[in-house]
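If you want the building blocks of each chain, they are given just below.
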Amino acid sequence: MTETSIVLTGAGIGQGIALGPVLRMSAPLPEPEATPSTRTPDEEKARVAAAVQAVAADLRERAGKVTGTAADVLEAQSMMAEDSSLADDVASRIDGGTTAERAVFEGFGVFRDLLIGLGGYMGERATDLDDVAQRVIAALEGRPAPGVPESDQPYILVATDLAPADTASLDLTKVRGLVTREGSQASHTAILARENAIVAIVGVAGADELAEGTEVILDAGAGTVTVAPSAAQSDEARRRIAERESALSGGLEPGALADGTPVPLLANLGSAEATEKAVAAGAEGVGLFRTEFLFLDARMAPTVEQQREQYVKLLQAFPGKKVVVRVLDAGADKPLEFLNDAHEDNPALGLRGIRSLRANEDILREQLTALAEADAATEADLWVMAPMVATVEETRYFVGLATEFGLKTVGVMVEVPSAALLADRVLREAAFASIGTNDLTQYTLAADRLLGSVAGFQDPWHPAVLRLIGEVGSAGAAYGKPVGICGEAAADPLLAVVLVGLGATTLSMSPAALADVRLSLTRYTLDQARTLAEVALAADGAAEARDAVRTAAAGFATPAAP
Ligand code: PEP
Ligand code: MG
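Residues numbered from 1 in each chain as written. Chains lettered and ligands numbered in written order. Predicted model: local features only at pLDDT ≥ 70, side-chain atom pairs only at ≥ 80, totals over all residues. Heavy atoms only, no water.

This part is about the pattern of salt bridges. Between side chains of opposite charge, a pair can form as their charged atoms come close. In this structure the tally under the stated criterion is 34 salt bridges. We note a salt bridge from Arg 60 to Glu 82, for which the minimum N-O separation is 3.3 Å. One end of the pair, Arg 60, is in helix H1 (residues 41–65); the other, Glu 82, is in the loop between helix H2 (68–81) and helix H3 (84–95), and 22 residues separate them in sequence. Connected through shared salt-bridge partners, Glu 31, Asp 89, Arg 93, Arg 102 and Glu 106 make up one network. (Salt bridge = Lys/Arg side-chain N within 4 Å of Asp/Glu carboxyl O. Helix = DSSP H or I, 4+ residues; strand = E, 2+ residues; numbered from the N terminus.)

Structure below.
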């Protein structure tokens, strides 16, 4: 049979497959005309104030109905709507004779361009601001805000990009998948799709040409959108969807390779409240508990009692299970007023992680006290580790100090190439290593992980990163010490197999990724995982490694156990 379907490509989120007809987001509102206002400036300002208030209240209400990132972003958007600098800018345009609609369009546009100019994380927020502007203009014009279409039938949603408010209002019983023209692995659409296990392909150049009603197949693992597939292609997609669904619903067995080699699957958590989701997804424990949430909005460090209460809550959710808590990782992308007060031109290379804790040892001591007390009061197997450890000396310092507090299993994160290169010596001191592939990639390739212009370097498939991981894996094997992976790399089902081949003994990820990784592991033996690791290491770059491993893996993947 001849295959004539067009195949578009983009960045796939996760491993899902979806099939269905395209439904497009309603088009953005037309640009408000630049004609002079027939109202007085005071009348126009009052209209803007009422519209902004209504939009902010609506966003806050939506924030109250969701949790996690969606709630945070909607809250942030409601604050953007009421931002006083924006209001001043809009008011001064109205004073110049502009209509309320046009003043909002222009004023928000200026701030949007500023955000894009800043790039990275701030640049990604431009879409959020655009969405707020559209909502305010729609409110001024008395029309419904543009957004997610209504449908009784399942569909694939196609959009330029999704604003968080849209994502939060998606009916997950109807939306089978998402395709967006904009967006990257770090955009909100990607983050929210990952959190909600929605099949998504972002950054698809031809998405705008996808006509309403066209049948498409999304394959997130391959990053493809097959347009108007043949009957045979649709049948094959349905077969794969059914196979995957049955494999994913096959229970919450502990993570293991096809030959039975155990690979415990753990959860990355950012708050004690998130434990339920992790337990429901079959997490065998916690591989990374980020304690920053306790400190981020605080002007002062929380007290020992406040911390202990949170740690107890966390540990109680995992009786008898391993829970790895990372002490505070302040600095760089997570600055704290009371720890990182000095200006640094390169904060990612500055006083962050264990360095900043060492410079504020009282805060570290309080955190270790709270952890030791929580440990004594609960049944979980508490492990404690330090972030951003670069030297053997820092390892000795942290292990020595934490041991003084009675903590039994003390390790370090390997996120800096120097620690990976000297892993044999680091692991002589530490009880375990946990590799943070997000930072390890950033530091190995010298590319700021938050900077959009160098986002292409932030790819843990890069053989230089994999070689460093292999160093840690070998050192762990030599000393019989556990080597975990807790960066985003562990959530990529195929890369997860490669990481095990490089010597990782546990994998930790956001709970939504556990099912796909669990399934992927069951398809390869340890020997095959090692072969795939060799294949990846032999490549010249990240894309080549990914492609070569995909090809090699297709040669010997065993079907998932029924
Ligand atoms: C990492 O760097 O991979 C990691 C897990 O830590 P964070 O993302 O919190 O810096
Ligand atoms: Mg890190």
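Still to come is the rest of the account.
Let us look at the sheet that holds strand S10 (residues 285–290). Ordered in space as S9-S10-S11-S12-S13-S14-S15-S16, the eight strands form a closed barrel in which the pairing is parallel. Direction aside, neighbouring strands of the sheet carry axes that sit 25° apart on average. The sheet contact formed by strand S11 (residues 322–326) and strand S12 (residues 381–386) spans five bridges and is parallel. Along S12, the bridge assignment pairs Val 323 with Leu 382. In this fold helix H18 (residues 463–479) packs onto strand S13 (409–414), strand S14 (433–435) and strand S15 (483–485), with an angle of close to 145° to the strand it touches most, S15. (Pairing = 2+ DSSP bridges. Axes fitted to C-alpha atoms, helices over the stretch in contact; angles between N-to-C directions. Contact = heavy atoms within 4.5 Å.)

Another point: the coordination of the magnesium ion (ligand 2). Taken together, the protein donors to the magnesium ion (ligand 2) comprise Glu 415 (OE) and Asp 439 (OD), at separations of 2.0 to 2.1 Å. Note that Glu 415 is positioned in the loop between S13 and helix H15 (417–421) and Asp 439 in helix H17 (residues 437–444), a separation of 24 residues in sequence. Owing to a relative accessible area of 2%, Asp 439 belongs among the buried residues under this scheme. (Donors = N, O, S within 2.8 Å, 3.2 Å for Na, K, Ca; no water. Buried < 20%, exposed > 50% of the residue type's maximum accessible area, 1.4 Å probe, protein only.)

A word on the site of ligand 1. Taken together, 14 residues sit near ligand 1, with Arg 290, Glu 415, Gly 436, Asn 438 and Arg 449 positioned nearest. Arg 290 places a side-chain nitrogen or oxygen 2.7 Å from an oxygen atom of ligand 1. A total of 290 Å² of accessible area belongs to ligand 1 in isolation, and the protein chains cover 99% of it. Counting only elements with at least two residues in the shell around ligand 1, the list comes to S10 and H17. (Near = heavy atom within 4 Å. Polar contact = N/O pair within 3.5 Å; in protein donor to acceptor, adjacent residues only side chain to side chain. Areas by Shrake-Rupley, 256 points an atom, 1.4 Å probe, with all protein chains shown as cover.)

Counting across every chain of the model gives two cavities of 30 Å³ or more. Approximately 80 Å³ is the volume attributed to the largest cavity. Lining of the largest cavity is provided by 14 residues; of these, Lys 322, Val 324, Ser 434, Gly 484 and Thr 506 occupy positions nearest its centre. Looking at the lining of the largest cavity, the elements that each hand over two or more residues are S11, S14, S15 and strand S16 (506–509). The element that contributes the greatest number of residues to the lining of the largest cavity is S15, accounting for three residues. For the lining of the largest cavity, the residue count by class is eight nonpolar, five polar and one charged. (1 Å grid on protein atoms, 1.4 Å probe; cavity = no way out; pocket = protein on both sides within 12 Å on 5 of 7 lines; lining within 4 Å. Points joined across faces, edges and corners; volume = space filled by probe spheres on them. Nonpolar A, V, L, I, M, F, W, Y, C, P; charged D, E, K, R; others polar.)

With that settled, consider the packing of helix H21 (residues 526–537) against helix H22 (residues 542–556). In contact at an axis separation of 8 Å, H21 and H22 are set at 150° when each is read in the N-to-C sense. Viewed along their axes, H21 and H22 adopt a mutual orientation that is roughly antiparallel. The handedness of the crossing between H21 and H22 is right-handed. Across the interface between the two elements, Gln 528, Thr 531, Leu 532, Val 535 and Ala 536 of H21 pack against Ala 545, Ala 548, Val 549, Ala 552, Ala 553 and Phe 556 of H22. (Parallel < 35°, antiparallel > 145°, perpendicular 65-115°, else oblique. Left-handed = near helix turned anticlockwise from the far one by under 90°.)

Turning our eyes to something else, we now look at the sheet that holds strand S2 (residues 11–13). Adjacent strands of a sheet form backbone hydrogen bonds with each other and so pair up, either parallel or antiparallel. A sheet is described by the order of its strands in space; here eight strands give the open sequence S1-S8-S7-S3-S4-S5-S6-S2, paired in mixed fashion. Two strands lie at the open edges of the sheet, namely strand S1 (6–9) and S2, each paired on one side alone. For this sheet, the mean angle separating the axes of adjacent strands, direction not counted, is 30°. When S1 meets strand S8 (residues 224–227), the two strands line up antiparallel, connected through four bridges.

Each assigned domain of the chain is listed here: domain 1 (6–26 + 148–248), domain 2 (41–141) and domain 3 (265–556). Just the C-alpha atoms count here: the centres of domain 1 and domain 3 sit 31 Å apart. Between domain 1 and domain 3, the residue contacts involve nine residues of the former and nine residues of the latter. When the two sides are added together, the surface that domain 1 and domain 3 hide from each other amounts to roughly 760 Å², 52% of it contributed by carbon and sulfur. Summed over the three residues of domain 1 that lose the most area to domain 3, namely Gln 15, Arg 194 and Leu 248, the buried surface amounts to 49% of that side. The tally of links from domain 1 across to domain 3 stands at two salt bridges. As a salt-bridge pair, Arg 244 and Asp 516 come within 2.6 Å of each other at their nearest N and O atoms. Connecting domain 1 to domain 3 are two residue pairs in polar contact (both at pLDDT 80 or more). Looking at which element gives the most residues to the side of domain 1 that touches domain 3, the answer is helix H9 (residues 231–248), with four residues. Tallied by class, the residues present in the side of domain 1 that touches domain 3 amount to three nonpolar, two polar and four charged. (Domains from an automatic or database assignment. Buried area = accessible area lost by both parts, 1.4 Å probe.)

Our focus in this paragraph is the environment of Gly 270. With respect to the secondary-structure elements, Gly 270 resides in the loop between strand S9 (265–269) and helix H10 (275–280). With relative accessibility at 36%, the residue Gly 270 sits in the partly exposed group. Each C-alpha atom of the pair Gly 270 and Glu 292 lies 7.7 Å from the other, and the pair is 22 residues apart in sequence. What Gly 270 contacts, discounting residues up to four positions off in sequence, is Phe 289, Arg 290 and Phe 293.

Time to look at the nonpolar core. Counting residues in hydrophobic clusters, the biggest one holds 99 residues, and the most contacted among them are Phe 398, Val 498, Leu 499 and Leu 507. Sequence-distant contacts of Val 498, defined by excluding residues within four places in its chain, comprise Trp 461, Leu 466, Leu 532, Ala 533, Ala 536 and Val 549. (Core = buried A, V, L, I, M, F, W, Y, C linked by side-chain atoms within 4.5 Å.)

On to the layout of surface pockets. As a volume, the second largest pocket reaches approximately 970 Å³. Around the second largest pocket sit 40 residues that line it, and Arg 112, Thr 127, Asp 130, Thr 160 and Asp 161 are the ones nearest its centre. Elements with a contribution of two residues or more to the lining of the second largest pocket: helix H4 (100–118), helix H5 (120–124), helix H6 (126–141) and strand S4 (155–159). At seven residues, the largest contribution of residues to the lining of the second largest pocket is made by H6. Taken together, the residues of the lining of the second largest pocket sort by class into 17 nonpolar, 12 polar and 11 charged. Residues from two domains meet in the lining of the second largest pocket; each of domain 1 (6–26 + 148–248) and domain 2 (41–141) gives at least three.

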